[in-house]
Amino acid sequence: MKHQQALDKLAAKFVVKSIEEDITRLMIKGMSFAKNKSISNINDYVIPLLLNRWNCVFLAKNGLQKHYKETVTLAFAILLHKYGLSDIKINKKAIEAIDTLNEGAVLSDDFFRKSEDIKNLLLSTPKTLTKKPARIESLTFYRAKDVISIHYKEKYYCAYILKITGVNESPMLEFYDAVFNEKPQLKDVINLKARGKKLNDGKKYISRHAVYGMKNLPDLANQIHLIGSCIDSKSAPNNLHLEKPNGIYTVSNLFSLQKTIDSLFD
């Protein structure tokens, strides 16, 4: 059983593509770090960052289509294996997902017949990747004047998309100065100030980020939610209280953005 054969049987092309693009971005950086001995284990670098994002599916209590969680779990485990990564807990949940999908007759008869082969693939030792994956083309379906919420570590952070950089490449966003325990509504954020970045001089500066990899709308990882569109720029985060930075924005991606949120909202 080849990885692509197993993935094709899930009939979830765009879920597979979304997960694979996330893994690819992290593997490219992780393999560079490992080569420079900045990290000792790629597995321990990639998987926690992935889970910070995809746990928004795995740990979701509602709001998802029936059996979506099982499909994502299985695709996630197969793709980890494809890229030479593994996690015992994820593999266990993926094998349970196979049984659940079969019990519900969710997928094809061929998936049912090949279920044991897929399980054996997941239980086999993955081959370590020796060559960096090809870089992913940057594309986004978000638009300027969208307001979004980002679910991260059980909290919600909101941002306004000021513009789209390049040719539909990445949204440039600025955070509102608020943290929510539940997904907020537009009315909860439109009158808020901007969250600034505090530097060594003790002053707070305007903080804007062009986020590569922020592609699908809706987000298949259930992490990013659109809470408003075509929102007048007057409702963008008010940053008049912040110092002007030297640069226009920081180049980021969905995973370095995690560190940014930790830093901004510490």
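Keep in mind that what you see is a predicted model, and the values were worked out from it rather than measured.

A. Structural detail: a nonpolar patch on the surface. On the surface, L139, F141, L217 and L226 cluster together into a nonpolar patch covering about 310 Å² of accessible area. Assessed through its relative accessible area of 42%, F141 is described here as partly exposed.

B. Highlighting the sheet that holds strand 8 (residues 250–253). Within the open sheet, the six strands sit side by side as 7-1-2-3-6-8. Their pairing is mixed. Looking at strand neighbours, the two that pair on one side only are strand 7 (224–228) and strand 8, the edges of this open sheet. Neighbour to neighbour, the strand axes of the sheet diverge by 40° on average, direction disregarded. Two strands pair when backbone bridges link them, and strand 1 (residues 147–152) and strand 7 are joined in this way by four bridges, in the antiparallel orientation.

C. Spotlight on the side chain of D22. Structurally, D22 can be placed in helix 2 (residues 13–35). Judged by relative accessible area, D22 falls into the buried class, the value being 3%. Sequence-distant contacts of D22, that is, excluding residues within four places in its chain, are made with L50, R53, W54, L254 and F255.

D. Representation of the pairing of strand 2 (residues 155–165) in the model. Summarising burial for strand 2: eight of the eleven residues are buried, a large majority. Relative to strand 2, strand 1 runs antiparallel, the two sharing six bridges. Among the inter-strand pairings, V147 is bridged to a residue of strand 2, identified as Y160. The hairpin formed by strand 1 and strand 2 contains two residues between the paired strands, and K153 there has a positive phi angle of roughly 50°. Bridge count between strand 2 and strand 3 (residues 170–180): eight bridges; the pairing is antiparallel. From the neighbouring strand, T165 faces strand 3, where its bridge partner is S170.

E. Layout of the pattern of salt bridges. Counting across every chain of the model gives 13 salt bridges. With a shortest N-O distance of 3.5 Å, K119 and E116 are connected by a salt bridge. Residue K119 and its partner E116 are both found in helix 7 (residues 115–123); the two are separated by three residues, about one turn of the helix. A salt bridge links K187 to D188, with the nearest nitrogen and oxygen atoms 3.5 Å apart. Given the relative accessible area of 60%, K187 is considered exposed. Judged by relative accessible area, which is 31%, D188 ranks as partly exposed. One salt-bridge network, in which partners are shared between bridges, spans K9, D110, R113 and K114.

F. Representation of the packing of helix 3 (residues 42–58) against helix 4 (residues 68–82) in the model. At a minimum axis distance of 10 Å, the contact between helix 3 and helix 4 shows a crossing angle of 165°. By the angle class used here, helix 3 and helix 4 are roughly antiparallel. With respect to the hand of their crossing, helix 3 and helix 4 are arranged in right-handed fashion. Residues I47, L50, L51, W54, V57 and F58 of helix 3 touch helix 4, and the partners they reach there are Y68, K69, V72, T73, F76 and L80. Residue classes in the contact of helix 3 with helix 4 are distributed as ten nonpolar, one polar and one charged.

G. Region of interest: helix 5 (residues 88–103). In this model, helix 5 (16 residues) spans 23 Å end to end at C-alpha, consistent with the 22 Å of a helix rising 1.5 Å per residue. Among the residues of helix 5, the N-terminal cap falls to D87, whose side-chain oxygen and the backbone nitrogen of K89 are separated by 3.0 Å.

H. Focus on the packing of helix 2 against helix 4. At a closest axis distance of 10 Å, the pairing of helix 2 and helix 4 adopts a crossing angle of 40°. Judged by the angle between their axes, helix 2 and helix 4 are oblique. Where helix 2 crosses over helix 4, the handedness of that crossing is right-handed. Between helix 2 and helix 4, the contacting residues are V15, V16, I19, E20 and I23 on the first element and Y68, V72, A75, F76, L79, L80 and K82 on the second.

Criteria and cut-off values
Residue indices begin from 1 for each chain and proceed along its sequence in written order. In keeping with the model being predicted, local features are shown solely for residues with a pLDDT of at least 70 and side-chain atom pairs are shown and tallied solely at 80 or more, while totals for entire chains, interfaces and linings include all residues. As a convention, hydrogens and water are excluded, and side-chain values are obtained from all of the structure's heavy atoms. Only residues above 30% relative accessible area that lack a salt bridge enter a patch, with like-charged residues linked at up to 9 Å and the nonpolar side chains Val, Leu, Ile, Met, Phe, Trp and Tyr linked at up to 5 Å. All accessible-area figures derive from a Shrake-Rupley calculation using a 1.4 Å probe, and residue coverage is judged against the displayed protein chains alone. Salt bridges are defined by distance alone: a side-chain nitrogen of Lys or Arg within 4 Å of a carboxyl oxygen of Asp or Glu. Exposure categories follow from relative accessible area, calculated using a 1.4 Å probe and restricted to protein chains: below 20% of the type maximum is buried, above 50% is exposed, and the middle band is partly exposed. Here a strand pair is declared whenever DSSP counts at least two bridges between the two strands. Runs of H or I in DSSP of at least four residues are treated as helices and runs of E of at least two as strands, each being numbered from the N terminus. Every angle, taken between N-to-C directions, lies between 0 and 180 degrees, and every axis is a line fitted to C-alpha atoms, over only the stretch in contact when it is a helix. Contact criterion: two residues are considered in contact whenever any of their non-hydrogen atoms come within 4.5 Å of each other. Our angle categories are set so that under 35 degrees counts as roughly parallel, over 145 as roughly antiparallel, 65 to 115 as roughly perpendicular, and the remainder as oblique. The handedness criterion is simple: a crossing whose near helix is rotated anticlockwise from the far helix by less than a right angle is left-handed, and one whose near helix is rotated clockwise is right-handed. The residue classification treats Ala, Val, Leu, Ile, Met, Phe, Trp, Tyr, Cys and Pro as nonpolar and Asp, Glu, Lys and Arg as charged. All others, Gly included, are polar. Multiply 1.5 Å by the residue count of a helix minus one, and that product is the helix's expected span. Each polar contact in these results corresponds to two N or O atoms within 3.5 Å; when the atoms are within protein, one needs to be able to donate a hydrogen and the other to accept it, and residues that are neighboring in sequence are counted only if both atoms are side-chain atoms.

The quantities given are spatial measurements derived from coordinates; they are silent on function.
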